[in-house]
Amino acid sequence: MQFMLLFSRQGKLRLQKWYNAHPDKLKKKITRELITTILTRKPKMCSFLEWRDLKIVYKRYASLYFCCAIEQNDNELLTLEIIHRYVELLDKYFGSVCELDIIFNFEKAYFILDELLLGGEIQETSKKTVLKAIASQDLLQEDEAVEGALRDIGLL
Amino acid sequence: MPAVRGDGMRGLAVFISDIRNCKSKEAEIKRINKELANIRGKFKGDKTLDGYQKKKYVCKLLFIFLLGHDIDFGHMEAVNLLSSNKYSEKQIGYLFISVLVNTNSELIKLIIQSIKNDLASRNPIHVNLALQCIANIGSREMAEAFGNEIPKLLVSGDTMDVVKQSAALCLLRLFRTSQEIIPGGEWTSRIIHLLNDQHMGVVTAATSLIDALVKKNPDEYKGCVSLAVSRLSRIVTASYTDLQDYTYYFVPAPWLSVKLLRLLQNYTPPAEDPGVRGRLNECLETILNKAQEPPKSKKVQHSNAKNAVLFEAISLIIHNDSEPNLLVRACNQLGQFLSNRETNLRYLALESMCHLATSEFSHEAVKKHQEVVILSMKMEKDVSVRQQAVDLLYAMCDKSNAEEIVQEMLNYLETADYSIREEMVLKVAILAEKYATDYTWYVDVILNLIRIAGDYVSEEVWYRVIQIVINRDEVQGYAAKTVFEALQAPACHENMVKVGGYILGEFGNLIAGDHRSSPSVQFQLLHSKYHLCSPMTRALLLSTYIKFINLFPEIRTHVQEVFKQHSNLRSADAELQQRASEYLQLSIIASSDVLATVLEEMPAFPERESSILAVLKKKKPGRVPENEIKEGKSPTPVTNHNNETTNSNNAVSSDLLGLSTPPIAQPGNTGVLLDVLGDIYGGKPNNSTPTSTTSNMYNPKKFVCKNNGVLFENDLIQIGVKSEFRQNLGRLGLFYGNKTTMPLHNFVPSLLWSEDQSSKLSMQMKPVEPTLEAGAQIQQMLNAECIDYYTDAPSLVITFVYNNMPQKFTLKLPLTINKFFEPTEMNGESFFARWKNLGSTNQQRSQKIFKASTPMDLQAARTKIMGFGMQLLDGIDPNPDNFVCAGIIHMRALQVGCLLRLEPNRNAQMYRLTVRSSKEPVSVEVCDLLADQF
């Protein structure tokens, strides 16, 4: 996978993950172009489109569009399911995820994505395993927070 | 504000809320600028910030960046966070870096140091953070720094599964930046054996890595084939409960299955061992069988995952191209999808069928679905699906169905989306040419293309139809008639005017017999479009008009009228003005024989592949359009995979001998017109390399009847000649053009003409520079004086060294005795009086009776005779087919009067040529020279 973009129906970019280095200018250009293209497509249309020498796979969940750019011989249907698995993970983590969760906790959305996909390749497809990894991260953070609080009040 | 787990950053949440509450873009920018100033102040301030604060501010910067603003500071603080011993701070530091730091940042050394520390950590969560960072931004420096460490992590027995997964993908990323980091030897087998790992997540990640390694070195990693097949076999036969969490909506391990199927597509055939191949075919059959089973769930995720595996299996079947049974089954399965209610499936089925159409085993099976595909092209709501249908029709087209498919595509073109029209036009043009058995059909198709989608017909397409019409005599009359009819439409596309102008200029005479398309009707029809056209088309039309003057002398004055109008300021375009005035002068000054030579019919174009295909390929960089059935691969093992298909089309230049310039200007072909206009030799020499296909061109006979043109041409050199004669004096300009990219050394032209002969024809030639630079052209002048009558002609010997290879050519110069003819007018009475006079003795006359070497064409004969130099005396001979001529050969010593009569016998296809003069050798030579021309 070359990159993944999350954007709202209003065309606001909510998350971007690039697996190849591009100058910022180019990233902005690509993003603008794709958001416009996808937002003008009708609901019943095919979820795949050819774009430059890549294939775009996208799907809409509520007010959010998830859009991936994959190479010519990558599997389109399975890319749709990568998107779905990511949505499931967000949903499980936030409990019925909505756009606001991703706005306010964008860093979490990144961390979850990093467990699912790494360097553009699928890393772990098991929902349980990913959620467990995120949970142990959270635990570590909470411990640190408690530790910090205790230190602040001089108990440590 | 939604609840936040882990440790929430209150300040960040407040800031995000503020931004969301902004009523306008300006307010948002104001708020952001305020925040940026605040953060900058904090970072620069005297008070040292603690980890939490740093983390918070870095996170705010990240958020601002994600809103689309540029961030030019904070990188250092983020790098500082990496060395924090708190996980949450470290994590944010790494996130900022992976989103915002370029691989070539100056900070990369610091980052690498932090990663090193974390990789050495005993806490696997820290190790993973470091690995993820490498996988996200992996650079050359990182490859150098970690090239040793990561392979060890990957294969070590002590490493935790989750770390192994990251290590595999991390290594993949580094391998993509620098290929040399993967150790060979025993590592190869250890990496391959990851395919046997118990942990599905590890196998999935490792398969991605192995796929990349195999692409680089297929032989070394060949061992992965049997392991991959075994693993695949275990998955496809597993029940969905076997794999627990790796079953996705009742489909066992779809991601791993697809990756394994992809991995196997790197080998041809995927498995050499018959046992392994058998097991693989069983897997593929199982997958095809499962596709037929009723779905285990109504959810789209189930069907997507299942079909993802199915499509990948079909890709592998197509790649193998060796199992007819599987190919046909795949085709039937895809055929079912063509009428599925999921748009995605229809799209993919069409796409996949395109590949099946190129296999000899499944081509016929694909053709069975032609009707459905045509319906898809017409009825699909989504243009990208319609586009796939067009691609498939193109791929499944062959001799048997070409007419129908082309017709359907033409029908659809009338309403087709603008976005796919140009490509469709190219496809139709290619198919029509490729499968034309009857070229009238081809002409009809292309003219229809122009009529229906003229705007989308590129130069290549209309150039090509002209090329083909010129090269095929049988279709010329039809083309002239059809294009003439097409031009009568009240609004016809400019491309139609171009094609029409060109074809009528060449072949208008073929339909001029019909009063409905008489010369003046043709001319008026074309000229009625003139004012609507662009300058380029107008220029082309002017060339057509001058050709008309030659074809139809009867409308000469009309045409000259038009030239006159456009040769002055009324014509705002300088090129048009110049062209009109030059053509006008040409038509006034040049004698009819010169005109006939200059405006001769176009010679045939060298046969070559259409450049349209190259254009189509350029338009679709990602996917090479196919309309070529490949031979199936033999099931016997062939080692080494071979993905490269030979692509001969790249070599084809995309222009069509410069049709965009005046169409009759064809350096290297006739070159004649521009000689007269005096600028052919200013043109750039052809830059083809010595190995190119230009064949040697040398035909001295042609120069008996003409004075200018390309005398000789091969891959290295082009020699042009331009000559003038007055009385007994001649002056030749020889033009040597170096076509290569290297200089020609020791370049010496010399004359081959005996001393004895020199006393009859004397010549002086100015020497030339011994080096002819690459691509350069030099001129050499030669003066000749005819002293006495002679036979034959002098030769020019050219020697030079090209690329250390000596070269030598000998060429006859166009200096035959007829060049010194002065045409003489005389009336019938004096002609026949003289004729009888000279015929009294045998010594004075020469006669030849010979068979026509080419089909008798009196118009062409006339042109030749006029070029021969004598005066053609019309209306003297009682038989209108006969030619009679008179001329005087000027020599320093004497003048010899010459009479000539050529009697064609159409029935016998024979000529009788009689020449009479006061000197027998002259009669014989003149007779020999001219007889050779027919």
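The model shown is predicted, which means the values in this text are computed figures rather than measured ones.

## Examining the pairing of strand 4 (residues 54-61) of chain A
Residue and element names in this part refer to chain A.
Step number 1: Most of strand 4 is tucked away, with 6 of its 8 residues classed as buried.
Step number 2: Here strand 3 (residues 48-51) runs beside strand 4; their pairing, made up of 4 bridges, is antiparallel. Paired with Leu 49 across the two strands is Ile 56, which belongs to strand 4.
Step number 3: Where strand 3 folds back on strand 4, the antiparallel hairpin that results is connected by 2 residues, among which Arg 52 adopts a positive phi of roughly 50 degrees.
Step number 4: Relative to strand 5 (residues 64-70), strand 4 is paired through 7 bridges, and the arrangement is antiparallel. From the neighbouring strand, Val 57 faces strand 5, where its bridge partner is Cys 68.
Step number 5: Here strand 4 folds back onto strand 5 in antiparallel fashion, the turn holding 2 residues, of which Ala 62 has a positive phi close to 50 degrees.

## Topic: the interface of chain B and chain A
Step number 1: Contacts between chain B and chain A engage 76 residues on the former and 66 residues on the latter.
Step number 2: Contact between chain B and chain A buries roughly 6300 Å² in total, counting both sides, with carbon and sulfur atoms accounting for 54%.
Step number 3: Applying the counting rule to chain B against chain A returns 4 salt bridges.
Step number 4: Across the pair Asp70(B) and Lys28(A) runs a salt bridge, and its minimum N-O distance is 3.1 Å.
Step number 5: Counting the contacts that link chain B with chain A gives 31 residue pairs in polar contact (both at pLDDT 80 or more).
Step number 6: No other element matches helix 16 (residues 300-320) of chain B, which puts 8 residues into the side of chain B that touches chain A.

## Remarks on the packing of aromatic side chains
Step number 1: The full count for this structure, using the stated rule, is 33 aromatic pairs over all chains.
Step number 2: Taking the centre distance of 5.7 Å and the plane angle of 85 degrees together, the rings of Tyr61(A) and Phe66(A) count as edge-to-face.
Step number 3: Exposure remark for Phe66(A): the relative accessible area of 2% places this residue in the buried category.
Step number 4: Ring geometry for Tyr439(B) versus Tyr442(B): centroids 6.0 Å apart, planes at 70 degrees, classification edge-to-face. Of this pair, Tyr439(B) and Tyr442(B) both sit in helix 24 (residues 439-453), 3 residues apart, which is roughly one turn of that helix.
Step number 5: On the basis of relative accessibility, which here comes to 15%, the residue Tyr439(B) falls in the buried class.
Step number 6: Among the aromatic residues, ring-to-ring pairing joins Phe523(B), Tyr530(B), Tyr545(B), Phe548(B) and Phe552(B) into one connected group.
Step number 7: Between the NZ or CZ atom of Arg190(B) and the centre of the ring of Trp187(B), over which it lies, the distance is 5.6 Å.
Step number 8: Above the plane of the ring of Tyr394(B) lies Lys427(B), whose end atom (NZ or CZ) is 5.5 Å from the centre.

## A few points about empty space enclosed by the protein
Step number 1: Tallied over the entire structure, the rule returns 10 cavities of 30 Å³ or more.
Step number 2: Of the volumes computed, that of the largest cavity is approximately 290 Å³.
Step number 3: Along its surface, the largest cavity is lined by 20 residues, and Trp18(A), Lys27(A), Ser98(B), Val99(B) and Val101(B) are the ones closest to its centre.
Step number 4: The set of elements that each furnish at least two residues to the lining of the largest cavity consists of strand 2 (13-18) and helix 1 (24-39) of chain A together with helix 5 (87-100) and helix 7 (124-137) of chain B.
Step number 5: Considered class by class, the residues forming the lining of the largest cavity number 9 nonpolar, 7 polar and 4 charged.
Step number 6: Size it by volume and the second largest cavity reaches roughly 100 Å³.

Conventions and cut-offs
- Residues numbered from 1 in each chain as written.
- Chains lettered and ligands numbered in written order.
- Predicted model: local features only at pLDDT ≥ 70, side-chain atom pairs only at ≥ 80, totals over all residues.
- Heavy atoms only, no water.
- Buried < 20%, exposed > 50% of the residue type's maximum accessible area, 1.4 Å probe, protein only.
- Helix = DSSP H or I, 4+ residues; strand = E, 2+ residues; numbered from the N terminus.
- Pairing = 2+ DSSP bridges.
- Contact = heavy atoms within 4.5 Å.
- Buried area = accessible area lost by both parts, 1.4 Å probe.
- Salt bridge = Lys/Arg side-chain N within 4 Å of Asp/Glu carboxyl O.
- Polar contact = N/O pair within 3.5 Å; in protein donor to acceptor, adjacent residues only side chain to side chain.
- Phe/Tyr/Trp six-rings, centres within 6.5 Å; stacked < 30°, edge-to-face > 60°.
- Lys NZ or Arg CZ within 6 Å of the ring centre and 35° of its normal.
- 1 Å grid on protein atoms, 1.4 Å probe; cavity = no way out; pocket = protein on both sides within 12 Å on 5 of 7 lines; lining within 4 Å.
- Points joined across faces, edges and corners; volume = space filled by probe spheres on them.
- Nonpolar A, V, L, I, M, F, W, Y, C, P; charged D, E, K, R; others polar.

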